[in-house]
Amino acid sequence: MNIKLEQYKVFHTVAVCESFSEAAKQLYITQSAVSQQIRSLENELGVTLFVRGRKGAKLTSQGELLFNYTKRAMAEINNAESLFQRMKSLDEGSLRIGSGDTITRHFLLSKLEQFHNKYPGVKIEIVNRVTDETLSKLNSGTVDVAFVSLPVDMQFYHNIEIIQTEVLNDIFIAGEKYKYLKEKYLSLKEIAALPLVMLEPKSNTRKTTDTFFHSHGIELNPEFELGSHDLLLDFAKKNLGIACVTEEFAGDLSQMDVFKLKTEFTMPARSIGICTLKNITPSPAVIKLIEMIKSN
């Protein structure tokens, strides 16, 4: 503790106890140490703070003036300590989460429901952005934890630690208009030649798909580029094209009048990453949320 702050703490304790010996007991230091701290503070301030007598230590007028300030300061410190204790036990506090719309809806929502039911005193704030923007907000401290679609280019995020969780697989789906494709195994070139419905280029999911096709010398030119994973499903149901969707987020395709295309290739598996800053201890709320997700 700062030496000056320690002096004020000793002064405040003596003033409350009206006794150097009793203050020493409460502070777990010797009475001579209490006297030394008070004497040092009096010398620095150039005033006499206590008058010692048979009945203990009484504040001087200057001591009364200082005590009025230390009462408020110590009350604020005690309030802060109490708040942090409540935050540690998750009776209150805040949890700022950065995540994309799709991950929030299809992965996080059920986890947040479980967390909120167990810790209703913790205020949850969700900031929905694409992966790069989400990681930038984590870097700047705008959010406490981020959930993103992996992989990401880590050369720009050296101070971020990632825990890989649920595995994701991308597939191509179509509606009844394209039922003639049901039994055919399609190549990369044949898929690329179809009217595709994909996420917009800035999404990490789209970047991963583009990179995979590009590695085989194929450039994708989708018919539609959308900002929502759920819209991909809607467009496929309406026979507006072949949609590239995340299988784990698509639900029961048989209930939506769409089917999964068979392919000669398998798209590279992705995963959801839980991201925190290195060398910074996460808040109790973040730690508990991560533990809850990992245990599930």
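First things first, this report covers the structure right here in the doc.

So, on to empty space enclosed by the protein. On inspection of all chains with the given rule, the structure shows 1 cavity of 30 Å³ or more. Considered as a void within the structure, the largest cavity measures approximately 30 Å³ in volume. Within the residue set of the lining of the largest cavity, elements represented by two or more residues are strand S9 (196-199) and helix H8 (204-214). Of all the elements, H8 adds the most residues to the lining of the largest cavity, at 3 residues. Residues belonging to the lining of the largest cavity are distributed by class as follows: 3 nonpolar, 2 polar and 1 charged.

An ideal rise of 1.5 Å per residue puts 21 Å on 15 residues; helix H3 (residues 31-45) measures up with 21 Å between its terminal C-alpha atoms. Val-34, Ser-35, Ile-38, Leu-41 and Glu-42 are the residues of H3 that are buried. One side of H3 holds all its buried residues, which, seen down the axis, span an arc of 130 degrees. Exposed residues pointing more than 90 degrees away from the buried face of H3 are listed as Ser-32, Gln-36 and Asn-43. Immediately downstream of H3, the backbone of Gly-46 shows phi near 75 degrees, a positive value.

Cut-offs applied
- Residues numbered from 1 in each chain as written.
- Predicted model: local features only at pLDDT ≥ 70, side-chain atom pairs only at ≥ 80, totals over all residues.
- Heavy atoms only, no water.
- 1 Å grid on protein atoms, 1.4 Å probe; cavity = no way out; pocket = protein on both sides within 12 Å on 5 of 7 lines; lining within 4 Å.
- Points joined across faces, edges and corners; volume = space filled by probe spheres on them.
- Helix = DSSP H or I, 4+ residues; strand = E, 2+ residues; numbered from the N terminus.
- Nonpolar A, V, L, I, M, F, W, Y, C, P; charged D, E, K, R; others polar.
- Expected span 1.5 Å × (residues − 1).
- Buried < 20%, exposed > 50% of the residue type's maximum accessible area, 1.4 Å probe, protein only.
- Arc of directions from axis to C-beta.

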